[in-house]
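# Architecture at a glance
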Amino acid sequence: MNPKNPIPDVKNKGAFEILESAVKKYKSDKPLVVGITGSGGAGKTTFGKNIVIYYGSENCVSIDLDDYLIPRETRGKLGITGYHPKANKLFEARSNIIELISRKSILKPCYDHSTGKVLSNETISPREIIVIEGVTPLYPELVELNNISFFLDANEETQIQSRIERDVKERNYSLEEALILYESLKPDYKKLIEPTKQLVDVIFEVGIDYVMHPIHINPKFV
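So, here is what we can say about the structure in this document. (Residues numbered from 1 in each chain as written. Predicted model: local features only at pLDDT ≥ 70, side-chain atom pairs only at ≥ 80, totals over all residues. Heavy atoms only, no water.)

### What to know about the overall build of the protein chain
For clarity, the threshold we go by: Numbered from the N terminus, helices here are DSSP runs of H or I no shorter than four residues, and strands are runs of E no shorter than two. Our radius of gyration looks at C-alpha atoms and nothing else; its globule reference is 2.2 Å times the residue count to the power 0.38. Any residue under 20% of the maximum accessible area for its type is buried, any over 50% is exposed, and the rest in between are partly exposed; the area is computed with a 1.4 Å probe on protein chains only. Only heavy atoms enter the contact rule, under which two residues are in contact if any of them lie within 4.5 Å.
Helices and strands together make up the secondary structure of the protein chain, namely six helices and eight strands. The linear arrangement of helices and strands in the protein chain, starting from the amino end, is α-β-α-β-α-α-β-β-β-β-α-α-β-β. Computed over the C-alpha atoms, the radius of gyration of the protein chain is 17 Å, within 12% of the 17 Å expected from 2.2 N^0.38 for a compact globule of 222 residues. Burial analysis of the protein chain (222 residues in total) assigns 50% to the buried set. Expressed as a percentage of contacts within the protein chain between residues at least 6 apart in sequence, the contacts between residues at least 24 apart total 71%.

### Points about a nonpolar patch on the surface
What counts, and what does not: Nonpolar side chains (Val, Leu, Ile, Met, Phe, Trp, Tyr) within 5 Å and like charges within 9 Å form the patches, drawn only from residues with over 30% relative accessible area and no salt bridge. Methods summary: accessible areas were calculated by the Shrake-Rupley approach with a probe of 1.4 Å, and residue burial reflects only the protein chains presented. Here a salt bridge means any side-chain nitrogen of Lys or Arg lying within 4 Å of a carboxyl oxygen belonging to Asp or Glu.
Residues Ile164, Leu175 and Leu179 make up a contiguous nonpolar surface patch of about 220 Å² in total accessible area. Turning to its location among the elements, Leu175 is positioned in helix 6 (residues 175–193).

### With respect to the packing of helix 5 (residues 156–168) against helix 6
Condition: Axis definition: a line fit to C-alpha positions, over the contact stretch in the case of helices; interaxial angles, taken between N-to-C directions, run 0 to 180 degrees. Angle categories: roughly parallel below 35 degrees, roughly antiparallel above 145, roughly perpendicular from 65 to 115, and oblique for all the rest. Helix crossings get a hand from a simple test, with the near helix turned counterclockwise from the far one by less than a right angle marking a left-handed crossing and a clockwise turn marking a right-handed one. Residues are grouped as follows: Ala, Val, Leu, Ile, Met, Phe, Trp, Tyr, Cys and Pro are nonpolar; Asp, Glu, Lys and Arg are charged; every other residue, Gly included, is polar.
Put simply, helix 5 and helix 6 touch, their axes get as near as 9 Å, and they point 135 degrees apart. Taken together, the axes of helix 5 and helix 6 lie oblique to each other. In this structure, the crossing between helix 5 and helix 6 has a hand that is right-handed. In this structure, helix 5 uses Glu156, Gln159, Ile160, Arg163, Ile164, Asp167 and Val168 to contact helix 6, whose residues at the interface are Leu175, Ala178, Leu179, Leu181, Tyr182, Leu185 and Lys186. Along the lines of polarity and charge, the residues of the contact of helix 5 with helix 6 split into nine nonpolar, one polar and four charged.

### Regarding the packing of aromatic side chains
Applied cut-off: The pairing test for Phe, Tyr and Trp rings, Trp by its six-membered ring, is centres within 6.5 Å, and the orientation test on the planes gives stacked under 30 degrees, edge-to-face over 60, and tilted for anything in between.
Enumeration according to the criterion identifies six aromatic pairs in this entry. When the ring of Phe47 is compared with that of Phe150, the centres are 5.9 Å apart and the planes differ by 75 degrees; the resulting orientation is edge-to-face. Taken together, the positions of Phe47 in helix 2 (residues 44–55) and Phe150 in strand 6 (residues 148–154) put the pair 103 residues apart, joining distant regions of the chain. According to the relative accessible area criterion, Phe47 is buried, its value standing at 3%. Between Tyr54 and Tyr55, the ring centres sit 5.2 Å apart and the planes meet at 75 degrees, which makes this aromatic pair edge-to-face. On the basis of relative accessible area, Tyr54 is assigned to the buried category, the value being 5%.

### With respect to the state of the cysteines
The criterion, for reference: Only a pair of cysteine sulfur atoms within 2.5 Å counts as a disulfide in this structure description.
Taken as a whole and judged by the stated rule, the model has zero disulfides. With no disulfide of its own, Cys60 lies 18 Å from the sulfur of Cys110, the closest cysteine sulfur. By relative accessible area, which is 2% here, Cys60 ends up buried. You can call Cys110 buried: its relative accessible area is 14%.

### As for the side chain of Thr81
Its place among the elements puts Thr81 in the loop between helix 3 (72–78) and helix 4 (90–101). Accessibility expressed as a relative area gives 17% for Thr81, which makes it buried. Setting aside its immediate chain neighbours within four residues, Thr81 contacts Arg75, Ala87, Ser184, Leu185 and Asp188.

### Section: the environment of Ala154
Tracing the chain through its elements places Ala154 in strand 6. Exposure remark for Ala154: the relative accessible area of 6% places this residue in the buried category. With near-sequence residues (within four places) excluded, Ala154 lies in contact with Ser39, Ala42, Gln159 and Val206.

### Describing unusual backbone geometry
One non-glycine residue, Arg103, adopts positive backbone phi at about 65 degrees. Residue placement: Arg103 occurs in the loop between helix 4 and strand 3 (106–112). Given a relative accessible area of 41%, Arg103 falls into the partly exposed group. One non-glycine residue, Tyr210, lies in the positive phi region at around 65 degrees. Tracing the sequence through the fold places Tyr210 in the loop between strand 7 (202–206) and strand 8 (212–217).

### Notes on the sheet that holds strand 6
Here is the rule we go by: By definition, two strands form a pair when at least two bridges between them are found by DSSP.
The sheet built from six strands is open, its strands ordered 2-5-1-6-7-8 with mixed pairing. Of all the strands in the sheet, the pair left with one neighbour each is strand 2 (60–64) and strand 8. Between one strand axis and the next, the sheet turns by 20 degrees as a mean value, whatever way the strands run. Direction of pairing for strand 7 relative to strand 8: antiparallel, over a ladder of five bridges. By the bridge assignment for strand 8, Ile203 is matched with His216. The sheet strands contacting helix 1 (residues 13–26) are strand 1 (32–38), strand 5 (129–133), strand 6, strand 7 and strand 8, and the helix crosses strand 6 at an angle near 160 degrees. Strands in contact with helix 2 are strand 1, strand 2, strand 5, strand 6 and strand 8; relative to strand 2, the strand with the most contacts, it is inclined by about 165 degrees.

Structure follows, in C-alpha cells:
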C-alpha cells in the first residue's frame, strides 16, 4: 500500500521511511496492525494521527488505547495508575481490534482525560491499516495482534516538557498535578512499559525537539 499524502511531519522523514518500508513488506490481504508504545509524552498519539494523514483516513485509522481506561475515580479507589493492566479494559480492546482485522465495524469506548470519565461509545469502521497507540499495545493481551511495532523512548526533559504542553494546556491539570502524575507513573513505567522494548521492531529515541532517532531496527526490516 502506498501513501496518499506527503509526509505530514517533515522533521521525522526518516521515521516515516521506516514505516513505509515495513508496510510495503508486511501488508497482506488482511488489515495491518501497527503498534506504537513508549514513554509518556513521547509523541505516540501525534505519530498515530500523522500516519493516518500519510496513508489517508480512507485507508488508515488510529485507535488511542487510552480510551479503554476505566474511570479515574475507580482507579483511585483501587490505588492503581493508568499503566496497570487492571486499569485498562484490555480484553475489550483485544476483541475490538480482532473485529477490525476481520473487517467489522466496532463500538469503541471513549475516555476524557480532562474529567477522567468514560464517555459514550463511537463507531469505528475497518481500514487496511489499523494503528493502535498508547502504553498497552505490547501487553500480553494485545502483543500478538501487532504486525509492526514501534517504541518511542523520550528522556525525562522531553516527557516533562510534553506533560506541561499536554496535561496543563489540553487536559486542564495544574502544573503541580501534571508533575505529581509524572512521578507517580514512574514505577509502573519501569515495571510494565520499559520491558516491552524487548518485543518491538523499532525503537526511536525522542529528543526535546520531538525528532525520532532510530536506535534499534529489527533485522527483518532489512
